[in-house]
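Each chain is listed here by its residues.
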Amino acid sequence: MNLVSLYLQARFFGPAVVGGGVTGCFGWIWGWRHPGDPTVLWPALVFCPLAAACILGVSTYSPFGEIERTSSYPLALLRLGHLGGVFGLNSLILVTASASWPRSDAPLVLLRNLAGFAGLACLCALVLGGRLAWLLPLAFGMAAYLAGGSNEEGGWRPAQWAWPMQSGADPVSALIAVSTLLVGFGAVVLFGVNESREAEG
Amino acid sequence: MTRGWWLLRIETRRSLGMWILPAMVLLAWYGGRERSPDGVALWPDTSAAIGRASVLLGPIIGAAAAWAAYRDRRRRMDELVATMPFSGIGRDLTVWAATLAWACLAYVLGGAYHFVMTVRDATWGEPSLSLMVAGIVALASYAALGFFAGTLLPSVFTAPLVAIALYLVPGMAFSLNHGSSIRHLSPWSAFDPSRYGVLHGVWPNDAVPLSLWLLGLAGASLAGGALLRRRSVAAGAVLVGSLVIGVASASALVRPMPGPEAARAALIPYEPTCTTNVVPVCVHPAYSAVLDRTATVVGGVLEPIVGLPGVADRAEQYAYIYRPPPEGTLIINPYNEFNGVDHLAQAVAGATISGGEPLAGGLPPSPTAAQCAVERWLVRRIGLEPNSRGVSCMPSTGYETFLEYEQLNVEIDEAAARFGDVAPSQRRAWLEQNFFRLRAGELTLPDLP
């Protein structure tokens, strides 16, 4: 139990959940400030899960390197518990924050985007290290947001690659997001993140 | 070679910007695309689009600067570096400049592609260097703000949160403040598509005051960072000077947009190019390449209703705020990547059926469900799909939840299909009898044949 606690502390588990909470509060305030207008919710639908995913990605940073790998305890289990815990808690926070939003598909969009961005963050952590895990989801999220407006009246339908901007009922974007999450989580759980400091600027 | 130059070289090689250069070039290329249709290349649009790439690159480089700002502390080297025979402020400026250099390189590389393509294909206008330079100044400002945030709040979470804030705050200041002149302080405003086009070029061009405002912001952020490190008269003076420049240029930016009189005076005269397909269709000569396709869409939509009272007998690319439009003219915008031919078809159908008098100014009233059914039929009968880009006609009332919205959407589609199944002669007779009431919004879905 002590090992699990120390592992989570080393991975900023507390700050990551607090960060998710702050993001959720921002989303709740955003929805409260713009009642009755589903299209104005898009910034919150994209950037709240993006922020939560970036925080999750950064929390994969391993401060101990090789020393940690000499542990007799299976690291994959700890990594899975850590990632699953942060992801689950942040999902819960975001879904709760969106309860009052004037969109029936808001929880689905938030969960899908959190899953996809978290997967991208993990893949980025695998290559660039945990501290820079935010780069890929951030660049992709901003490009996708710029690529698409809303799908409702007055907007245009974004290209399929911009899956964070699709409606919650779109099965292809949900499939892309879940696949990205599974690949990203799987890679980090099995192999850990890149611990080379070369790429860390 | 001076110590500063050597340090800049070292910092440039150590910068995170080098690692993310390919991604930044891609973003600069993507952000710098302009949306003219094939065969049309306009310098005002390209200039603004190249500048607009900065709003996409800026948050990334702001995050990279925030990351670089606390690098020494992160590696527990801050005390060691402090013993260097080089001022701390100078070191900070070097780190900021090195990070910025990579963003500028990406901006130039991404923009160069669009610039060269427009040099090759331009159909109208001249490049606006001030807009493109404003993009570089915006990058400097984003990097300085990020650097300041990284100095103030050194944490592993600072960089990504800074990037999101640098994207959201200017974006939302622009998007959510319609009618407020505060939005002109956002870099998004200077590159807004409503500010450029073939009718008036880049107008009003706020690139210079925006650049000064952003320079003031950058100077204040860097001076603020220097003051956090060590209080000095020079940093204080730079802070005050930057604030003065920033406030002065902000006051020049925060003003209402020029009215119709000034807009009319800024209009660049031209002789339209025309063709006839059911009705005469005219566009600006820069859009000659898309005239035939535009005329096909306009003519196709109007064909079943041409001759009915209130239906335009001519269509022209035109902005009615500049001068009174000719009698019976439908105002159109040629299609582009965002507003495709389906959007053009929907706009023509909408202006004719539910847009009130075609020549009326201001926003049209919300369409009724019956009007939407006829509009969707008009668009579908020429092989276009009104729902393909989410631009389909939809009443703004009559539903409260997403499910009710979807149900009404389906009912309108069913009514449109029924209307399309009616024999052409019978449909024309019905239209001749009921078109006035349909346009006035007096009919409901069950009233349609």
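Computed from a prediction, not measured in an experiment: that's the story for all the values here. (Residues numbered from 1 in each chain as written. Chains lettered and ligands numbered in written order. Predicted model: local features only at pLDDT ≥ 70, side-chain atom pairs only at ≥ 80, totals over all residues. Heavy atoms only, no water.)

## Some thoughts on the overall build of chain B
Filter applied, for reference: A run of H or I in DSSP becomes a helix once it reaches four residues, and a run of E becomes a strand once it reaches two; helices and strands are each numbered from the N terminus. Contact criterion: two residues are considered in contact whenever any of their non-hydrogen atoms come within 4.5 Å of each other. Only four residue types enter the tally: Lys and Arg on the positive side, Asp and Glu on the negative side, with His and both chain ends excluded. For the purpose of locating charges, the reference atoms are NZ of Lys, CZ of Arg, CG of Asp and CD of Glu.
Regarding its fold elements, chain B presents 18 helices and 6 strands. Expressed along its principal axes, the backbone C-alpha trace of chain B runs to roughly 90 × 50 × 35 Å. Taking the contacts inside chain B whose residues are at least 6 apart along the sequence as the reference set, 73% of them involve residues at least 24 apart. Taking the average place of the 33 positive charges on the side chains of chain B and the average place of its 34 negative ones, the gap between the two points comes to 15 Å.

## As for the state of the cysteines
Residue and element names in this part refer to chain B. To be explicit about the condition: Two cysteine sulfur atoms form a disulfide, by the criterion used here, when they sit within 2.5 Å. Any residue under 20% of the maximum accessible area for its type is buried, any over 50% is exposed, and the rest in between are partly exposed; the area is computed with a 1.4 Å probe on protein chains only.
Tallied over the full model, the rule gives 2 disulfides over all chains. Between the sulfur atoms of Cys274 and its disulfide partner Cys282 the distance amounts to 2.0 Å. Its S-S torsion of about 110° marks the bond between Cys274 and Cys282 as right-handed, since a negative value means left-handed. For Cys274, a relative accessible area of 42% puts it in the partly exposed group. Judged by relative accessible area, Cys282 falls into the buried class, the value being 2%. Covalently, Cys372 is tied to Cys393 through a disulfide, its sulfur atoms 2.1 Å apart. Residues Cys372 and Cys393 are joined through a disulfide that is left-handed, its torsion about the S-S bond being -60°. Of this pair, Cys372 sits in helix H16 (residues 369–380) while Cys393 is found in the loop between H16 and helix H17 (402–421), placing the two residues 21 residues apart along the sequence. Assigned by exposure class, Cys372 and Cys393 land together as buried. Each disulfide of chain B joins two cysteines, and with those cysteines numbered along the sequence the arrangement is 1-2, 3-4.

## Remarks on the packing of aromatic side chains
Rules: The aromatic pairing rule takes the rings of Phe, Tyr and Trp, using the six-membered ring of Trp, and pairs them if the centres are within 6.5 Å, calling planes under 30 degrees apart stacked, those over 60 edge-to-face and the rest tilted.
With the rule as written, the count across this model stands at 17 aromatic pairs over all chains. Arranged with centres 5.8 Å apart and planes meeting at 45°, the rings of A:Phe26 and A:Trp30 form a pair that is tilted. Of this pair, A:Phe26 and A:Trp30 both sit in helix H2 (residues 13–33), 4 residues apart, roughly one helical turn. Exposure remark for A:Phe26: the relative accessible area of 35% places this residue in the partly exposed category. Given a relative accessible area of 11%, A:Trp30 falls into the buried group. Taking 5.2 Å as the distance between ring centres and 35° as the angle between the ring planes, the aromatic pair formed by A:Phe47 and B:Tyr167 counts as tilted. With A:Phe47 in helix H3 (residues 42–58) and B:Tyr167 in helix H9 (residues 158–175), the pair connects residues from two separate chains. For A:Phe47, a relative accessible area of 2% translates into the label buried. For B:Tyr167, a relative accessible area of 1% puts it in the buried group.

Bear in mind that shape data such as this cannot, by itself, settle questions of function.
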